[in-house]
Structure formats: C-alpha cells, structure tokens
Amino acid sequence: MPDRTPEPIATFCGKCDCGCPQLFVDAEAPADKRVRITDDFGQQVQMSEDQFADLVAQAKAGELDRMVTASA
C-alpha cells in the first residue's frame, strides 16, 4: 500500500484498542483494489467496488446469517 492511508469508513468492534478490523475505500487505488478490509492481525483483503457491493448485497439478503448464528 502507498504511504497515504484514507480514513476508515467503518470499524468493526471498536470496543477495545486491539486494532479492530476496518473498512477503507481508496479512490486513488487501482479499480480492482479500491476497497480494503484490514484485520487485527495486520492482514488485509482488497477488492473492487463491484465485489464489495456483491458482498453487501449477500449480507443484506441474509445469505451470511448462518455464519453469525454458528459462532454465537
């Protein structure tokens, strides 16, 4: 990643200072890497805005709910 880091648009958890996962959108990144999700272990996933939109659509449709109920 470049030295510049856009501000996160979402932080997941946020109840501690453990380096919670965050969501970034970097308009200056290549189109296939504009959306970045970081975890609290220093790893990251990069995807296009279309891929992220598909992820959000699946979540809204409840297709990911079984993951949440399985871990609860």
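Residues numbered from 1 in each chain as written. Predicted model: local features only at pLDDT ≥ 70, side-chain atom pairs only at ≥ 80, totals over all residues. Heavy atoms only, no water.

### Here we look at the environment of Asp39
Link 1 in the chain: Relative to the assigned elements, Asp39 resides in the loop between strand S3 (35-38) and strand S4 (44-47).
Link 2 in the chain: Asp39 sits in the partly exposed class, given a relative accessible area of 29%.
Link 3 in the chain: For Asp39 and Cys18, which are 21 residues apart along the polypeptide, the C-alpha to C-alpha distance reads 10.0 Å.
Link 4 in the chain: Apart from the residues within four sequence positions on either side, Asp39 is in contact with Gly19 and Pro21.
Link 5 in the chain: A distance of 2.8 Å separates the side chain of Asp39 from the backbone nitrogen of Phe41, its partner in a polar contact.
Link 6 in the chain: Among the polar contacts made by the side chain of Asp39, one reaches the main-chain amide nitrogen of Gly42 at a distance of 3.1 Å. (Helix = DSSP H or I, 4+ residues; strand = E, 2+ residues; numbered from the N terminus. Buried < 20%, exposed > 50% of the residue type's maximum accessible area, 1.4 Å probe, protein only. Contact = heavy atoms within 4.5 Å. Polar contact = N/O pair within 3.5 Å; in protein donor to acceptor, adjacent residues only side chain to side chain.)

### Comments concerning the packing of aromatic side chains
Two numbers describe a pair of aromatic rings. These are the distance of the centres and the angle of the planes.
Link 1 in the chain: Enumeration over the complete set of coordinates arrives at 0 aromatic pairs.
Link 2 in the chain: Lying across the ring of Phe24, Arg36 places its NZ or CZ 4.5 Å from the centre. (Phe/Tyr/Trp six-rings, centres within 6.5 Å; stacked < 30°, edge-to-face > 60°. Lys NZ or Arg CZ within 6 Å of the ring centre and 35° of its normal.)

### Topic: the pairing of S3
Link 1 in the chain: Relative to S3, strand S2 (residues 22-25) runs antiparallel, the two being bridged by 4 bridges. Note that in S3 the partner of Gln22 across the bridge is Thr38.
Link 2 in the chain: When S3 meets S4, the two strands line up antiparallel, connected through 4 bridges. Residue pairing in the sheet places Ile37 in a bridge with Val45 of S4.
Link 3 in the chain: Where S3 hands over to S4, the hairpin turn is made up of 5 residues, of which Gly42 adopts a positive phi near 90°. (Pairing = 2+ DSSP bridges.)

### Considering the sheet that holds S3
Link 1 in the chain: One open sheet accounts for 4 strands, arranged S1-S2-S3-S4; its pairing is antiparallel. Looking at strand neighbours, the two that pair on one side only are strand S1 (10-11) and S4, the edges of this open sheet.
Link 2 in the chain: Sitting on the sheet, helix H1 (residues 49-60) is in contact with S2, S3 and S4, with an inclination near 105° to S4. (Axes fitted to C-alpha atoms, helices over the stretch in contact; angles between N-to-C directions.)

### Details of the pattern of salt bridges
Link 1 in the chain: Using the criterion set out here, one finds 1 salt bridge in the structure.
Link 2 in the chain: Notably, a salt bridge pairs Arg34 with Glu49, separated by 3.7 Å at the nearest N-O pair. A residue pair is termed long-range when its members are at least 10 positions apart, and Arg34 in the loop between S2 and S3 and Glu49 in helix H1 qualify at 15 residues.
Link 3 in the chain: The exposure class of Arg34 is partly exposed, given its relative accessible area of 23%.
Link 4 in the chain: Among the residues examined, Glu49 registers a relative accessible area of 42% and is labelled partly exposed. (Salt bridge = Lys/Arg side-chain N within 4 Å of Asp/Glu carboxyl O.)

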